[in-house]
Amino acid sequence: MNLISVLKLSIEALLGKKTRTILTVLMVVIGSSLIVGLNGLGAGFEVFIEDQFSTLSPNTLIITPASSFQRGDDDLSSRVVRLDSQVLKNLENIDGIKEIFPIIYGSAKVTSNGLSKNIAVIGIDQTKLTSALPSFTLESGRLVYPNDSIGVLVGQNVKNPVGSTAYFVDVDERVVLEYNSYASGKSDVKKRSFLVRGVANELGTSSYLNIDDGITISLSSANSLFDKKGKYDMIYIVTEDIDLNSAIEEDIREIYGKDIGISSPQVIVETVKGFISGFTSFILAIGAISLIVAGVGIVTTLITAVLERTKEIGLLKAIGFKSRNILLMFLCEAILIGVIGGFIGILGGIGLGMILPTLLAASFGGGEGGFVLSAVFNISSILNVWILVILLSAFAGLYPAWRASKLDPVVALRKE
């Protein structure tokens, strides 16, 4: 008996019990859909994280005041290092540093063209921006020089607010920054007028220098506006090579121990990717359990088929079917369930990977300028899932097929 005849008999047997076959295939579809869809989302999330940090130079260290968590205690005493010119000078003496510059962060009410909104304000030496952000470019205008006390550089989302058809501010227009200080124990409102010198092209969100959504001014202007008294919120270090990051971090730790915070985009990316990988593995394990349940369903379906078709098996053996033909017929049914269920599951998983990012975008304020995530599907991974599903189905069908092949034709024909 040839393989085509066996295949025809297997298809007829499956079609003879449509409801049972559909339910069994559905179990396979659910498991394979989960694995394909969630695997695609995990890969897409990794690409998303890499894209978000790609604007930052990888050979970067970010120095911040240490938190109690970083120090491993709850003591917020004077041992916490305050970032100032002396710290900056000490760090400059460490070998392997290419660029070093401080940053001041704040938030102010910004008024322009009769409109007002709260916007992040960044104080930085803008001549160093390309060191920290290699892909930084200007759309129009120029940078704000260190001695410029009235110039500002605006981000793309400040000039063209998300969801608005009208621009907020442009080059050569004036803006008023209003900052409410409580440093002296009472409210002290500072208002200063600035002139827009330039507009930056869109970079994409980063955890440290969100140029797109902020206004950037000179370091001296930020120090005065936010009354920092020479204190910095962050110090950026660009090393000569990414391989020197660890050695430079050790040198800084020798000076300040845990009383200073040190981080880098590369470490954060690896940490986040590790978390994503672990979470994806957990979710995929759930998908694998679904496939195992599907395998149990295949075993149940085929064993039931063997019991229902005992006389048929006896008749087939009586007319010359060999045990291996019977085994192959039932095994073929199991494989067909895997092939069909796996194929539909892959299509369902790809659909799931396309729909979920849209739902996530709606939940997290996505869309233009917001949270944007796309599933990434690898052909080899998809084929591996399909092969896995087929092999699992074949394995699940082994015992029922073996049991069917071992039936005694005489006993089978006597079965009522």
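Residues numbered from 1 in each chain as written. Predicted model: local features only at pLDDT ≥ 70, side-chain atom pairs only at ≥ 80, totals over all residues. Heavy atoms only, no water.

1. Observations regarding the overall build of the protein chain
Here is the rule we go by: Strands are runs of DSSP state E lasting at least two residues, helices are runs of H or I lasting at least four, and both sets are numbered from the N terminus onward. To sort residues, take the accessible area from a 1.4 Å probe on protein chains only and compare it with the maximum for the residue type: under 20% means buried, over 50% means exposed, and anything in between is partly exposed.
Of the regular secondary structure elements, the protein chain holds 13 helices and 10 strands. By residue count, 43% of the 416 residues in the protein chain fall in the buried class.

2. Description of the nonpolar core
To keep it simple, the criterion reads: Take the buried Ala, Val, Leu, Ile, Met, Phe, Trp, Tyr and Cys residues and link them wherever side-chain atoms come within 4.5 Å; each set so joined is a nonpolar core. Between two residues, a contact is recorded if the distance between any of their heavy atoms is within 4.5 Å.
Counting residues in each nonpolar core, the largest one holds 39 residues, and the members touching the most others are Ile63, Leu91, Ile235, Ile237, Ile252 and Ile260. With 5 residues, the top contributor of residues to this core is strand 2 (residues 97-112). Residues within four places of Ile235 in sequence aside, it is in contact with Leu61, Ile62, Ile63, Leu83, Val87, Leu88, Leu91, Ile100, Phe101 and Pro102.

3. So, the packing of aromatic side chains
Using the following cut-off: Here is the rule: rings of Phe, Tyr and Trp (six-membered ring for Trp) pair when centre to centre is within 6.5 Å. Planes less than 30 degrees apart are stacked, more than 60 are edge-to-face, and the remainder are tilted. Consider the ring centre and the ring normal. A charge sits over the ring if Lys NZ or Arg CZ is within 6 Å of that centre and within 35 degrees of that normal.
Taken as a whole and assessed by the stated rule, the structure comprises 4 aromatic pairs. Aromatic pair Phe101 and Tyr236: ring centres 5.5 Å apart, planes at 10 degrees, arrangement stacked. Taken together, the residues span a long stretch of sequence, with Phe101 in strand 2 and Tyr236 in strand 9 (residues 234-239) at a distance of 135 residues. The two residues Phe101 and Tyr236 agree in class, both being buried. Centre to centre, the rings of Phe343 and Trp386 are 5.8 Å apart; their planes meet at 45 degrees, and the pair counts as tilted. Of this pair, Phe343 sits in helix 11 (residues 323-363) while Trp386 sits in helix 12 (residues 379-405), placing them 43 residues apart in sequence. One cation-aromatic arrangement involves Lys117 over Phe168; the distance from NZ or CZ to the ring centre is 4.8 Å.

4. Remarks on the pattern of salt bridges
To be explicit about the condition: Any carboxyl oxygen of Asp or Glu that lies within 4 Å of a side-chain nitrogen of Lys or Arg is treated as forming a salt bridge with it.
By the definition in use, this model includes 8 salt bridges. Across the pair Lys159 and Glu139 runs a salt bridge, and its minimum N-O distance is 2.7 Å. Taken together, the residues Lys159 in helix 6 (residues 156-159) and Glu139 in strand 4 (residues 138-141) connect sequence positions 20 residues apart. Given the relative accessible area of 13%, Lys159 is considered buried. A salt bridge links Asp170 to Lys159, with the nearest nitrogen and oxygen atoms 3.8 Å apart.

5. Focus: a nonpolar patch on the surface
Put simply, the test is: Patch definition: residues above 30% relative accessible area lacking any salt bridge, with like charges linked at up to 9 Å and the nonpolar side chains Val, Leu, Ile, Met, Phe, Trp and Tyr linked at up to 5 Å. Computed with a 1.4 Å probe, the accessible areas rest on the Shrake-Rupley method; for each residue, only the protein chains presented here act as cover.
A cluster of nonpolar residues, Phe275, Phe279, Phe282 and Ile286, forms a patch on the protein surface that exposes about 460 Å² of accessible area. Assignment of secondary structure puts Phe282 in helix 9 (residues 265-308). A relative accessible area of 51% places Phe282 in the exposed class.

6. Observations concerning unusual backbone geometry
Note on backbone geometry: most residues besides glycine have negative phi, and most peptide bonds are trans. One non-glycine residue, Asp172, lies in the positive phi region at around 70 degrees. If you trace the backbone, Asp172 turns up in the loop between helix 6 and strand 6 (174-181). Assessed through its relative accessible area of 59%, Asp172 is described here as exposed. Backbone geometry places Asp227, a non-glycine residue, at a positive phi of 50 degrees.

7. A short note on helix 1 (residues 3-16)
Along an α-helix, residues three or four apart share an orientation, since each turn contains 3.6 residues. What counts, and what does not: To estimate the expected span of a helix, count its residues, drop one, and scale the result by 1.5 Å. In this context, the arc is that of the directions from the helix axis out to the C-beta atoms.
Between the first and last C-alpha of helix 1 there are 20 Å, a value that for 14 residues agrees with the 20 Å anticipated at 1.5 Å per step. Residues of helix 1 that are buried: Val6, Ser10, Ala13 and Leu14. Taken down its axis, helix 1 places every buried residue within 95 degrees of arc, on the same side. For helix 1, the exposed residues set more than 90 degrees away from the buried face come down to Ile4, Lys8, Glu12, Leu15 and Gly16.

8. Concerning helix 8 (residues 245-256)
Helix length check: helix 8 (12 residues) gives 16 Å between terminal C-alpha atoms against 16 Å at 1.5 Å per residue, within 8%. Where helix 8 is buried, its residues contact strand 1 (60-65), helix 4 (85-92), strand 2, strand 9 and strand 10 (260-263). In the stretch just after helix 8, Gly257 is the one whose phi turns positive, near 60 degrees.

9. Remarks on the environment of Leu23
Topologically, Leu23 is positioned in helix 2 (residues 18-53). The exposure class of Leu23 is exposed, given its relative accessible area of 51%. With 278 residues separating them in the primary sequence, Leu23 and Thr301 have C-alpha atoms 9.6 Å apart.

10. Quick look at the confidence of the model for the protein chain
As a reminder of what qualifies: You can read pLDDT as the predictor saying how much it trusts each residue, on a scale of 0 to 100.
Summary statistics for the protein chain give a mean pLDDT of 81 and a share of 84% for residues scoring 70 or more. Looking across the protein chain, the model is least confident in helix 3 (residues 68-71), with a mean pLDDT of 44, and most confident in strand 5 (residues 151-154), with 95.

11. Examining the side chain of Arg197
Operational definition: Whenever a nitrogen or oxygen atom comes within 3.5 Å of another N or O atom, the pair is scored as a polar contact, on the condition that within protein one atom can donate a hydrogen and the other can accept it, and that pairs from neighbouring residues in sequence are kept only if both atoms are in side chains.
Following the sequence through the fold, Arg197 ends up in strand 7 (residues 188-200). Since its relative accessible area comes to 18%, Arg197 is described here as buried. A polar atom in the side chain of Arg197 sits 2.8 Å from the side chain of Asp148. Among residues more than four places away in sequence, those in contact with Arg197 are Gly141, Arg142, Leu143, Val144, Asp148, Ile150, Gly151, Val152 and Val171.

12. Brief notes about a negative patch on the surface
Keep this limit in mind: Residues scored as positive are Lys and Arg, those scored as negative are Asp and Glu, and His as well as the terminal groups of each chain are ignored. Here the site of a charge means NZ on Lys, CZ on Arg, CG on Asp, or CD on Glu.
On the surface, Asp95, Glu240, Asp241, Asp243, Glu250, Asp251 and Glu254 cluster together into a patch of negative charge. Mapping Asp251 onto the fold places it in helix 8. Owing to a relative accessible area of 30%, Asp251 belongs among the partly exposed residues under this scheme.

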